[in-house]
Amino acid sequence: MSSSEVNIVALMRPRQGQTQKVLDLIQEAANHVEKNEQGTDRYEIYSSLRPSKEGTDTICMVERYKHKQALKDHGGSQPFQKFQSELARQDLLLAPAVIHVLARRGGFTSRL
């Protein structure tokens, strides 16, 4: 575990019926990250197994960057900026995403 790594958990609540649009936009950004952002070690997309009682889903992004500069580079990238602008332009979320910037304090990631 690197002391300079930065972990992000981002939670998004798409408007009812908009989950797939949001997932598609995230995947487009994820494709860019995988090919071009060497400072990104993890970029995973999760969504609810079942909608909430209100019929909405939660999307969770789990990201890990080797250092703060890698996170800064990601946030300034054209694909990330496009993703953000499309979320706003199409009014796809119920509320702004909740972003948690975290440092790992223990546990493990694999038994391999």
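What comes next is a walk through the structure. (Residues numbered from 1 in each chain as written. Predicted model: local features only at pLDDT ≥ 70, side-chain atom pairs only at ≥ 80, totals over all residues. Heavy atoms only, no water.)

## Points about helix α3 (residues 78-89)
In an α-helix there are 3.6 residues to a turn, and that puts residues three or four apart on one side.
Thinking step 1. Taking 1.5 Å per residue, 12 residues should reach 16 Å; α3 reaches 16 Å between its end C-alpha atoms and fits that length.
Thinking step 2. For α3, the full list of buried residues reads P79, F80, F83, E86 and L87. The buried residues of α3 all sit within an arc of 130° when viewed along its axis, so they share a single face. Those residues of α3 that are exposed and aimed more than 90 degrees away from the buried face are Q78, A88 and R89.
Thinking step 3. Considering only its buried residues, α3 is in contact with β1 (6-12), α1 (19-36) and α2 (68-75).
Thinking step 4. A positive backbone phi angle near 50° is found at D91, which sits one or two residues after α3. (Helix = DSSP H or I, 4+ residues; strand = E, 2+ residues; numbered from the N terminus. Expected span 1.5 Å × (residues − 1). Buried < 20%, exposed > 50% of the residue type's maximum accessible area, 1.4 Å probe, protein only. Arc of directions from axis to C-beta. Contact = heavy atoms within 4.5 Å.)

## Quick word on the packing of aromatic side chains
Thinking step 1. On inspection of all chains with the given rule, the structure shows one aromatic pair.
Thinking step 2. Ring centres of F80 and F83 lie 6.2 Å apart, and the angle between their planes is 45°; this geometry places the pair in the tilted category. Taken together, the residues F80 and F83, both in helix α3 and three residues apart, mark about one turn of the helix. The exposure classification of F80 matches that of F83, with both residues buried. (Phe/Tyr/Trp six-rings, centres within 6.5 Å; stacked < 30°, edge-to-face > 60°.)

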